[in-house]
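# Architecture and fold: a report
The chain contents come next:
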Amino acid sequence: MSMTGLQKRTAQAIVNIFETGRALGDYGQVTLMAGDTGQLTYGRSQTTLASGNLSLLIKDYCAAPGAAQAAALSPYLPALAAKDAALNQDMAFRALLHTAGADPVMRNCQDAFFDRAYWSPAVTSAQSLSLDLGLSVAVVYDSVVHGSWRAMRDHTLAINPKPAADQKAWVVAYVATRRDWLATNSNPLLRKCVYRMDSFDALIAQGAWELPLPLTVRGTVLTEGLLTGEAASSAQGDGRVLKLIQPAMRGDDVAAVQTALGIAADGVFGPATAAAVAAFQRSKGLSADGAVGPATLAALGL
């Protein structure tokens, strides 16, 4: 497989957007959603307590030289290894995870861990099916991160057993199969995740098989400068337009907008924030769509 480093960053950025709403990932994001069998989730690729991967990540971090929060997190290692559900409601633990996300050591640990736990297995799986286009690998990577890759792969192979004969047709079939599985799933949280496949369908419709830049994914513009660190992040949050979507956009950029609007700054772009944005836009003679792009950011002084 001959994916370039930039294609890898692009594929990972797409999944980062799905997971945390940010192209470069939110290393400190801690999430607990009702009905999520993974329980507490954390970091750039939202690794879970119930899978045991959160335990492995924090173990790596605590063993890393210079880890700023190692002493504070080490006492939690036995509970993490036991997948203790009490950690879901341990606010001190959750606050430590969030704080650790700002530590460069944690960021390096997450990058290495998620490459090892998700990216490398995804590339191996793609190779086994002769899938070598950037978008094809991104689709496999998303499923490895999100779960049930093997089951959906096997369902698709039952319909189209020869992906090497027409790689693009197989990936289109896979995306359709996975979307149907999500849309009809008994878990309401998974039903909400059809946007992931809809996003891939949009990229397929654009013919973005080689992941050419710039690309727009769920309102975030992916550019080479952004993904290689040549462009500084702005108040927009890695180039993204803030708007009301599911799952909700989160981050410091959302909190900055909320602060500028004079509303509670919880960093979550929910219905109340969208309504406040629309009201502000109307007061300034802007299009009142409730989304925060360059014009609204300028009007807010951000």
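Only a predicted model underlies this, so the values are computations on that prediction, with no experimental measurement involved. (Residues numbered from 1 in each chain as written. Predicted model: local features only at pLDDT ≥ 70, side-chain atom pairs only at ≥ 80, totals over all residues. Heavy atoms only, no water.)

## Describing the packing of aromatic side chains
- Enumeration over the complete set of coordinates arrives at eight aromatic pairs.
- Residues F18 and Y195 carry aromatic rings whose centres are separated by 5.8 Å and whose planes lie at 80° to one another, so their mutual orientation is edge-to-face. Taken together, the positions of F18 in helix α1 (residues 5-20) and Y195 in helix α11 (residues 194-205) put the pair 177 residues apart, joining distant regions of the chain. As far as burial versus exposure is concerned, F18 and Y195 are alike and both buried.
- An angle of 75° between the planes, with centres 5.0 Å apart, marks the rings of W119 and Y141 as edge-to-face. In this pair, W119 sits in helix α6 (residues 104-128) while Y141 sits in helix α7 (residues 134-146), placing the two residues 22 residues apart along the sequence. Across this residue pair, the class does not change: W119 and Y141 are buried. (Phe/Tyr/Trp six-rings, centres within 6.5 Å; stacked < 30°, edge-to-face > 60°. Helix = DSSP H or I, 4+ residues; strand = E, 2+ residues; numbered from the N terminus. Buried < 20%, exposed > 50% of the residue type's maximum accessible area, 1.4 Å probe, protein only.)

## Some details on the sheet that holds strand β2 (residues 41-42)
- Pairing is antiparallel across the open sheet formed by three strands, whose spatial order is β1-β2-β3. The strands lining the two open edges of the sheet, one partner per strand, are β1 (30-31) and β3 (47-48). (Pairing = 2+ DSSP bridges.)

## What to know about the pattern of salt bridges
- Enumeration over the complete set of coordinates arrives at eight salt bridges.
- Of the charged contacts, one joins R44 and D111 as a salt bridge, the two residues approaching to 2.7 Å between their closest N and O atoms. Within this pair, whereas R44 is found in the loop between β2 and β3, its partner D111 is found in helix α6, the two being separated by 67 residues in sequence.
- For the salt bridge of D60 with R116, the shortest nitrogen-to-oxygen distance reads 2.8 Å. Of this pair, D60 sits in helix α2 (residues 53-63) while R116 sits in helix α6, placing them 56 residues apart in sequence.
- Take D60: its relative accessible area is 30%, and that puts it in the partly exposed class.
- What makes R116 partly exposed here is its relative accessible area of 48%.
- Members of the salt-bridge network, linked through shared partners, are E19, D142 and R196. (Salt bridge = Lys/Arg side-chain N within 4 Å of Asp/Glu carboxyl O.)

## A word on α11
- In this model, α11 (12 residues) spans 16 Å end to end at C-alpha, consistent with the 16 Å of a helix rising 1.5 Å per residue.
- Taken together, the buried positions of α11 are occupied by V194, Y195, R196, M197, S199, F200, L203 and I204.
- Taken together, the buried residues of α11 touch α1, α7, α9 (167-183), α10 (188-191) and β4 (215-217).
- Of the residues flanking the end of α11, it is G207, one or two places downstream, whose phi is positive at about 75°. (Expected span 1.5 Å × (residues − 1). Contact = heavy atoms within 4.5 Å.)

## Let's talk about the nonpolar core
- Core analysis: the biggest nonpolar cluster contains 73 residues, and Y42, I58, L73, F200 and L222 have the highest contact counts within it.
- Top contributing element to this core by residue count: α6, with 10 residues.
- Formed by 14 residues, the second largest nonpolar core is a distinct cluster that contains L242, V254, F269 and V292. (Core = buried A, V, L, I, M, F, W, Y, C linked by side-chain atoms within 4.5 Å.)

## Considering the packing of α9 against α11
- Two elements in contact, α9 and α11, have axes separated by 8 Å at closest approach and are oriented at 155°. Classed by the angle they form, the pair α9 and α11 counts as roughly antiparallel. As for the relative orientation of α9 and α11, their crossing is left-handed in sense. Mapping the contact onto sequence places V172, V175, R178, R179, L182 and A183 in α9 and V194, M197, D198, F200, D201 and I204 in α11.
- By residue class, the composition of the contact of α9 with α11 is eight nonpolar, no polar and four charged. (Axes fitted to C-alpha atoms, helices over the stretch in contact; angles between N-to-C directions. Parallel < 35°, antiparallel > 145°, perpendicular 65-115°, else oblique. Left-handed = near helix turned anticlockwise from the far one by under 90°. Nonpolar A, V, L, I, M, F, W, Y, C, P; charged D, E, K, R; others polar.)

## As for the side chain of R218
- Tracing the sequence through the fold places R218 in the loop between β4 and β5 (220-222).
- Buried charged residue R218 carries no salt bridge. Nearest counter-charge: D198, at 7.5 Å.
- Apart from residues no more than four positions distant in its own chain, R218 is found in contact with I17, F18, Y195, S199, K243, I245, Q246, P247 and M249. (Lys, Arg positive; Asp, Glu negative; His and termini not counted.)

## Observations regarding the confidence of the model for the protein chain
- Mean pLDDT for the protein chain: 91, with 96% of residues reaching 70 or above.
- Within the protein chain, the lowest mean pLDDT, 84, falls on helix α15 (residues 294-300), and the highest, 98, falls on α9. (pLDDT = per-residue confidence, 0-100.)

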